Amino acid sequence: MLGSSETAFTEGDLTVQYPIRSCSTKPKTKMFRHVLLGFIVFLPQLIVVVAHLCSANNCADCVSSRFIQCRWCKRDNKCHAPGADAASPCSTEESVVHNSHCEDEVPHYDPEVSMKMLYLSAVAYAPSHKQECLEKVLPSEKFQLQRVVTTKCDILENECSGYVAVSHALKAVVVAFRGSEKFEQAIVEFLESFLTREESFLNGKVQFYWKRAFFLLWPSMETEAKALVVKNPSYQIWVTGHSLGATLASLASTWLAYHNIAPRKNIILYTFGMPRVGNYKYALQHDQLVNNSWRVVNDIDLVPHFPTVFSLSVLNGPYHHGVEVFYSQEATSVHSPHKECHGKPYNEDFTCSFFKFKVITSKSIERHQTYFSIPVGTFYKSGCVPPTR
């Protein structure tokens with residue numbers, strides 16, 4: 001007969017007995033309960049300590065905490081502990097963590113600036129006479145065209161283009177990019193985005209077509225922009241574009257801030273009908289570098305929903321950056337009903353355009369082609385004459 005701590009294995013006439021050690025789980029369970037109880041008792045005290053460390057009443061003292069990285073939110077002018085996102089009206093990227101950013105103002109969408117940026121984006125489509133176009137659409141701003149760069153940028157030899165200008169009246173340097181020149185170019189962009197992998201760009205990844213086009217145009221444009229910033233260090237840098245041009249403007253603004261070509265507070269990005277430029281990591285980096293970044297969407301414009309955000313991993317798939325400014329009806333005017341989208345998910349606010357667009361229709365294409373009653377890609381054909389207001 002076997003004891004309670006033994007078992008037997010029989011094969012033929014051979015019987016082998018093995019001792020079985022009883023493994024009591026009571027000591028481990030007891031230890032776990034003690035640890036859990038200690039954590040529950042200690043957690044409120046830890047929260048109090050952290051809250052005390054992040055109780056400064058000004059930005060400089062808040063971000064200078066020695067022990068933890070406190071965050072200053074300019075929307076409520078309060079110091080918040082790391083991880084306390086629910087208590088802060090600021091997103092992680094809006095929160096100030098560096099002393100040098102304490103003087104930055106809280107950005108807000110400016111319809112008047114948006115209208116000017118749209119005109120600048122429309123001028124980028126003009127195959128010639130850009131200076132004349134600038135003088136017609138924005139006469140009092142006295143923009144002076146400095147450099148135009150145009151080059152073939154894909155296998156079908158479609159062209160990409162951008163320009164640099166300056167307005168001493170506005171104290172602004174402009175970096176603007178043209179969108180797709182024709183339908184065939186948009187098809188190539190669409191196919192390449194599905195058939196090629198995203199490419200590394202700074203600390204994130206972006207669509208291959210955008211990156212290639214950017215680096216074909218940027219060296220000459222960057223040289224001109226740098227020279228203007230050196231001559232006019234206090235000037236803002238207005239970066240803008242529509243459609244494909246919007247993606248290139250995104251990369252340019254991120255590059256300018258990343259390489260400290262201009263202070264973060266001087267860089268302003270307004271895009272119109274912009275596709276998703278890169279992955280989640282690129283989006284976060286952009287928002288940390290360019291906090292005055294606005295992504296204008298006209299009602300059911302189809303392009304901002306491309307490439308699709310749904311993928312096996314949100315962190316690796318396409319993801320929007322910047323604050324969406326959603327015009328929930330056809331944006332016939334820059335003052336048509338609109339709102340800044342600060343809801344969840346971050347940068348892909350479900351209450352804005354995310355679920356408004358459902359299928360491709362002629363209307364969704366028209367919404368992309370025309371913003372604020374300006375046919376962006378063909379505006380130059382009308383002689384760059386602004387519509388009667």
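Conventions and cut-offs
- Residues numbered from 1 in each chain as written.
- Predicted model: local features only at pLDDT ≥ 70, side-chain atom pairs only at ≥ 80, totals over all residues.
- Heavy atoms only, no water.
- Salt bridge = Lys/Arg side-chain N within 4 Å of Asp/Glu carboxyl O.
- Helix = DSSP H or I, 4+ residues; strand = E, 2+ residues; numbered from the N terminus.
- Buried < 20%, exposed > 50% of the residue type's maximum accessible area, 1.4 Å probe, protein only.
- Axes fitted to C-alpha atoms, helices over the stretch in contact; angles between N-to-C directions.
- Parallel < 35°, antiparallel > 145°, perpendicular 65-115°, else oblique.
- Left-handed = near helix turned anticlockwise from the far one by under 90°.
- Contact = heavy atoms within 4.5 Å.
- Nonpolar A, V, L, I, M, F, W, Y, C, P; charged D, E, K, R; others polar.
- Disulfide = S-S within 2.5 Å.
- Polar contact = N/O pair within 3.5 Å; in protein donor to acceptor, adjacent residues only side chain to side chain.
- Pairing = 2+ DSSP bridges.

A. Layout of the pattern of salt bridges. Under the definition given, this model contains twelve salt bridges. Glu199 serves as the salt-bridge partner of Lys211, at 3.9 Å between the closest nitrogen and oxygen. Within this pair, whereas Lys211 is found in helix H6 (residues 208-231), its partner Glu199 is found in strand E8 (residues 199-201), the two being separated by twelve residues in sequence. Classification of Glu199 as partly exposed rests on a relative accessible area of 30%. In this structure, the salt-bridge partner of Asp299 is Lys356, at a minimum N-O distance of 2.7 Å.

B. Up close: the packing of helix H7 (residues 244-258) against helix H8 (residues 280-289). Interaxial distance between H7 and H8 falls to 9 Å at its minimum, and their mutual angle equals 60 degrees. Taken together, the axes of H7 and H8 are oblique relative to one another. Judged by the sense of rotation from one axis to the other, the crossing of H7 with H8 is left-handed. On H8, the residues touching Ser250, Leu251, Ser253, Thr254, Ala257 and Tyr258 of H7 are Tyr282, Gln285, His286 and Leu289. Grouping the amino acids of the contact of H7 with H8 by side-chain chemistry returns five nonpolar, five polar and no charged.

C. Expanded view of the side chain of Arg264. With respect to the helices and strands, Arg264 occurs in the loop between H7 and strand E11 (267-272). With relative accessibility at 14%, the residue Arg264 sits in the buried group. Each residue touching Arg264, except ones within four places of it in the same chain, is listed here: His101, Asp104, Gln288, Leu289 and Asn291.

D. Structural detail: the state of the cysteines. Here the structure, examined in full by the defined rule, presents six disulfides. Across a sulfur-sulfur distance of 2.0 Å, Cys54 and Cys70 are joined as a disulfide pair. Residues Cys54 and Cys70 are joined by a disulfide whose S-S torsion is about -80 degrees; by sign, that bridge is left-handed. With a gap of 16 residues between them, Cys54 in the loop between helix H1 (26-53) and helix H2 (59-63) and Cys70 in the loop between H2 and strand E3 (71-73) connect regions that are remote in the sequence.

E. Quick peek at unusual backbone geometry. Cis rather than trans, the peptide bond between Phe306 and Pro307 has omega equal to -15 degrees. Between Lys344 and Pro345 the backbone carries a cis peptide bond, its omega angle lying at -10 degrees. Position of Pro345 relative to the elements: it lies in the loop between strand E16 (338-341) and helix H9 (362-369). A positive phi angle, close to 55 degrees, is found at Asn260, a residue other than glycine. Within the element layout of this structure, Asn260 appears in the loop between H7 and E11. With relative accessibility at 65%, the residue Asn260 sits in the exposed group.

F. Region of interest: the side chain of Glu348. Relative to the assigned elements, Glu348 resides in the loop between E16 and H9. A polar contact of 2.9 Å, which involves the side chain of Glu348, links it to the side chain of Arg276.

G. Highlighting the sheet that holds strand E10 (residues 236-242). With mixed pairing, the eight strands of this open sheet are ordered in space as E5-E6-E7-E10-E11-E13-E15-E16. Two strands in the sheet have a free side with no partner beyond their single neighbour: strand E5 (144-152) and E16. Each neighbouring strand pair of the sheet contributes to a mean axis angle of 15 degrees, computed without reference to strand direction. Pairing of E10 with E11 involves six bridges; the strand directions are parallel. Opposite Trp238, over in E11, you have Ile268 as the bridge partner.

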